[in-house]
Amino acid sequence: MKSINQMEEPLRLAEKVCREKGAKLTYKRRQVLAILLHLKKAISAYELIELYQQEYDDTLSPMSAYRILEFLEQQHLAHKINIVNKFVACAHIGQSHCHQLPQFLFCQKCQSVSELANDSSQLSDLARRIEQTGHQLTSPQIELTCICQDCLTSEAEQ
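None of the values given here were measured: they were computed from a predicted structure.

Asker: Quick question: what am I supposed to make of the pairing of strand β1 (residues 78-81) here?
Answerer: Consecutive residues of a regular strand have side chains that alternate between opposite faces of the sheet. The sheet contact formed by β1 and strand β2 (residues 86-89) spans four bridges and is antiparallel. Paired with Lys80 across the bridge in β2 is Phe87. Between β1 and β2, which pair antiparallel in sequence order, lie four residues; one of them, Asn85, sits at a positive phi of approximately 55°.

Below is the structure:
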């Protein structure tokens, strides 16, 4: 898990990203992003609500949680992992990173998520190959279910 000092830089960059896009990273949005950054694993909106209550001793309604998560997605500060309907902070906040073809390795054991770096040429090639099959791409996100090295090591030690 990230320490508080390690989270300050991505939070500062997130505020800058929002400001440049004419959006505002409100206090609650910042708190939610801080939770996602701290965990570095995928969590559901309801898990977020529970963690928010524990961390900030404040309530977050389901509607507010989903709206905040949607905002963070729109600003490329968080991603939804569709295979489990959970959310994770973007690993590339404030970096010149291509968000056109997000690729995630999702550990089915511990729910950790690793975001792979990619470039826009990958999307062009993939879109072209999909069109050749007579299909149209509607969601370019790639999610691969895996087992992370920590879980593999833990299994081997048992």
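Asker: Looking at this model, I keep getting lost on the sheet that holds strand β3 (residues 103-107). Mind explaining?
Answerer: Within a sheet, adjacent strands bond to each other through the backbone by hydrogen bonds, running parallel or antiparallel. Strand order across the open sheet formed by three strands is β4-β3-β5, with mixed pairing between neighbours. Strand pairing shows two members of the sheet lacking a second neighbour, β4 (113-116) and β5 (142-146), which therefore form its edges. The mean angle between the axes of side-by-side strands here comes to 20°, regardless of whether they run parallel or antiparallel. Sheet topology note: the β3/β4 ladder contains four bridges and is antiparallel. Within β4, the residue paired with Phe106 across the bridge is Val113.

Asker: Help me understand the nonpolar core, please; the structure alone is not making it clear to me.
Answerer: Considering soluble globular proteins, one finds that nonpolar side chains tend to be buried as a cluster. By size, the foremost hydrophobic cluster in this structure holds 30 residues, and its most contacted members are Val32, Leu33, Leu48, Leu72, Leu77 and Ile93. Listing elements by their share of this core, those giving two or more residues are α1 (4-20), α2 (27-39), α3 (45-56), α4 (62-74) and β2. Among all residues touching Leu77, those that are not within four sequence positions of it are Ala14, Val17, Cys18, Leu25, Leu33, Leu72, Ala89, Cys90 and Ile93. Residues Val88, Phe104, Phe106 and Val113 belong to the second largest nonpolar core, which totals six residues.

Definitions and limits used
- Chains are numbered independently. Their residues run from 1 in the order of the written sequence.
- In keeping with the predicted nature of the model, local features appear solely for residues at pLDDT of at least 70, side-chain atom pairs appear and are counted solely at 80 or more, and the whole-chain, interface and lining totals rest on all residues.
- The basis for the side-chain values is all heavy atoms of the structure; hydrogens and waters are excluded.
- Criterion used throughout: strands pair if DSSP finds at least two bridges between them.
- Under the DSSP-based scheme used, a helix requires at least four consecutive residues in state H or I and a strand at least two consecutive residues in state E, with every element numbered from the N terminus.
- Axis geometry follows a simple rule: fit a line to the C-alpha atoms, using only the stretch in contact for helices, then measure angles between N-to-C directions, giving values from 0 to 180 degrees.
- In plain words, nonpolar cores are sets of buried Ala, Val, Leu, Ile, Met, Phe, Trp, Tyr and Cys residues tied together by side-chain atoms within 4.5 Å.
- Whether a residue is buried, partly exposed or exposed follows from its accessible area with a 1.4 Å probe, protein chains only, as a fraction of its type maximum: under 20%, in between, or over 50%, in that order.
- Only heavy atoms enter the contact rule, under which two residues are in contact if any of them lie within 4.5 Å.

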